[in-house]
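Okay, here's what each chain looks like letter by letter:
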Amino acid sequence: MVLDGLLPRRCLCCDSRVAQDDGLCASCWRAMPFLERPWCQRLGTPFTYDVGSGAWSPRAIAEPPLFDRLRSVALYDGPARQLVLALKFSRRRELARPMARWMVRSGEELLTADSLVAPVPLHWTRLLGRRFNQAADLAREVARQSGAFYEPQLLKRHKRTRQQVGLSARDRHKNVRSAFVPGPLRTDTLAGRHVVLIDDVMTTGSTVAACTKCLLRAGVESVDVLTFALVDPNARAAGTSDFT
Ligand SMILES: [Zn+2]
């Protein structure tokens with residue numbers, strides 16, 4: 001668009017002027033709690049020293065997840081938290097593209113040309129209220145930018161669950177346990193496939209665990225999870241409760 005060159009470019013987070021489109025200003029960039037390698041092969045959480053590729057963290061060994069691998073761009077804090085909230089609640093849907101760009105970078109090991117990229121679905125009544133599913137916006141962009149298949153109908157949320165806000169890990173698990181069913185795709189579409197499940201934030205992991213269980217039952221070969229933000233497992237006890 002002709003106007004693009006005339007409009008001042010703004011930081012995605014704090015609105016201060018920046019040199020490039022779709023970027024952060026220097027101070028937001030510095031404050032962004034990016035998760036960097038070396039990280040746990042299963043959970044994508046950083047090691048403080050390099051233990052060699054393929055190593056598992058003590059948490060992954062003690063409680064191995066149902067999904068194969070998790071990758072997240074950043075901890076749910078500072079600018080990462082601001083971007084998640086702006087996409088979901090301020091409906092700044094244009095953020096999905098730059099957020100997905102970071103996700104593709106963090107999830108490069110997970111995304112292949114054969115992967116089915118699927119969002120964690122919202123219940124349709126919640127979709128009516130919010131009008132869009134932020135996870136679907138991110139999944140569509142991740143698929144587009146990585147060349148994988150976007151599969152928005154892979155899962156359906158057939159039970160309207162309570163908001164996860166304020167629930168304990170155990171109650172969160174109970175709340176979503178049987179919330180998902182396979183979508184209308186034929187079973188032979190799913191058999192032997194690799195799925196990359198997309199969400200904006202991972203909190204306790206109970207939602208992605210329920211989705212993974214449903215997909216594996218439907219014949220999917222393996223499930224990886226890619227989220228923009230990850231609630232710091234060590235800070236979880238302190239009660240972070242901005243989201244569902
Ligand atoms: Zn900024």
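Residues numbered from 1 in each chain as written. Predicted model: local features only at pLDDT ≥ 70, side-chain atom pairs only at ≥ 80, totals over all residues. Heavy atoms only, no water.

S.K.: Which residues make up the nonpolar core, and what are the values?
M.R.: One finds Met 32, Leu 83, Trp 102, Val 142, Ile 198 and Phe 228 to be the most contacted residues of the largest nonpolar core, which totals 40 residues. Of all the secondary-structure elements, those providing two or more residues to this core are strand E1 (70-75), helix H3 (78-88), helix H4 (96-106), helix H6 (134-146), strand E6 (194-202) and strand E7 (222-230). A domain-level breakdown of this core finds at least three residues from each of domain 1 (1-31) and domain 2 (34-238). Residues within four places of Ile 198 in sequence aside, it is in contact with Met 103, Val 117, Ala 118, Pro 119, Val 120, Ala 135, Leu 138, Ala 139, Val 142 and Leu 226. (Core = buried A, V, L, I, M, F, W, Y, C linked by side-chain atoms within 4.5 Å. Buried < 20%, exposed > 50% of the residue type's maximum accessible area, 1.4 Å probe, protein only. Helix = DSSP H or I, 4+ residues; strand = E, 2+ residues; numbered from the N terminus. Domains from an automatic or database assignment. Contact = heavy atoms within 4.5 Å.)

S.K.: How would you sum up the pattern of salt bridges? Please name residues and give values.
M.R.: What the rule picks out here adds up to 12 salt bridges. For the salt bridge of Arg 71 with Glu 109, the shortest nitrogen-to-oxygen distance reads 3.0 Å. Here the residue Arg 71 occupies a position in strand E1, and Glu 109 occupies one in the loop between H4 and strand E2 (116-119), the gap between them amounting to 38 residues. Overall, the relative accessible area of 32% leaves Glu 109 in the partly exposed class. Salt bridges here are not isolated pairs; linked through shared partners, they connect Arg 37, Arg 71, Glu 108 and Glu 109. (Salt bridge = Lys/Arg side-chain N within 4 Å of Asp/Glu carboxyl O.)

S.K.: Give me the lowdown on the packing of helix H7 (residues 169-176) against helix H9 (residues 206-217), citing residues and values where you can.
M.R.: At a minimum axis separation of 9 Å, H7 and H9 run at an interaxial angle of 35°. Two packed elements cross with a definite hand, and for H7 against H9 that hand is right-handed. Contacts between H7 and H9 pair Arg 172, His 173 and Val 176 from the former with Ser 206, Thr 207 and Ala 210 from the latter. Its residues placed into classes, the contact of H7 with H9 shows two nonpolar, three polar and one charged. (Axes fitted to C-alpha atoms, helices over the stretch in contact; angles between N-to-C directions. Left-handed = near helix turned anticlockwise from the far one by under 90°. Nonpolar A, V, L, I, M, F, W, Y, C, P; charged D, E, K, R; others polar.)

S.K.: Outline the packing of aromatic side chains, supporting the account with residue identities and numerical values.
M.R.: According to the stated counting rule, one finds four aromatic pairs in the structure shown. Aromatic side chains Trp 29 and Phe 34 sit 4.8 Å apart centroid to centroid with 55° between the ring planes, which places their arrangement in the tilted category. On the basis of relative accessibility, which here comes to 43%, the residue Trp 29 falls in the partly exposed class. Note on Phe 34: relative accessible area 16%, which makes it buried. (Phe/Tyr/Trp six-rings, centres within 6.5 Å; stacked < 30°, edge-to-face > 60°.)

S.K.: Can you lay out the coordination of the zinc ion for me, pointing to particular residues and giving the numbers?
M.R.: Distances from the zinc ion to its protein donors, namely Cys 11 (SG), Cys 14 (SG), Cys 25 (SG) and Cys 28 (SG), fall within the range 2.3 Å. Classification of the site at the zinc ion rests on its four donor atoms, whose angles at the metal span 103 to 116°, yielding the label tetrahedral. Ordering the donors of the zinc ion by residue number gives the pattern C-x2-C-x10-C-x2-C. You can see Cys 14 sitting in the segment before helix H1 (26-31) and its partner Cys 25 sitting in the segment before H1, a full 11 residues away along the chain. (Donors = N, O, S within 2.8 Å, 3.2 Å for Na, K, Ca; no water. Tetrahedral: all angles 85-135°; square planar, octahedral: opposite > 155°, others 65-115°.)

S.K.: Break down the pairing of E2 for me, with residues and values.
M.R.: In E2, alternate side chains face the same way, and those of Leu 116 and Ala 118 on one face and Val 117 and Pro 119 on the other are all buried. Relative to strand E3 (residues 149-150), E2 runs parallel, the two being bridged by two bridges. Residue Val 117 lies in a different strand from E3, and its bridge partner there is Tyr 150. Pairing of E2 with E6, which is carried by four bridges, proceeds in the parallel orientation. Looking at E6, one finds that Pro 119 is bridged to Ile 198. (Pairing = 2+ DSSP bridges.)

S.K.: So what about the UniProt feature "domain: Phosphoribosyltransferase" (unreviewed entry) in the protein? Which residues, and what values?
M.R.: The sites that UniProt annotates as "domain: Phosphoribosyltransferase" (unreviewed entry) are residues 175-233. Its end C-alpha atoms 20 Å apart, residues 175-233 is made of 31% helix and 36% strand. (UniProt positions renumbered as here; feature names shortened; annotations may be inferred.)

S.K.: An account of the sheet that holds E3 is needed here, citing residue identities and associated values.
M.R.: The five strands lie next to each other as E1-E7-E6-E2-E3, forming an open sheet whose pairing is parallel. The open sheet is flanked by E1 and E3, the only strands paired with a single partner. Both E6 and E7 contribute to a ladder of eight bridges, which runs parallel. Across the sheet, residue Ile 198 finds its bridge partner in E7, namely Leu 226. Sheet strands in contact with H6 are E2, E3, E6 and E7, and its direction is about 130° off that of E6.

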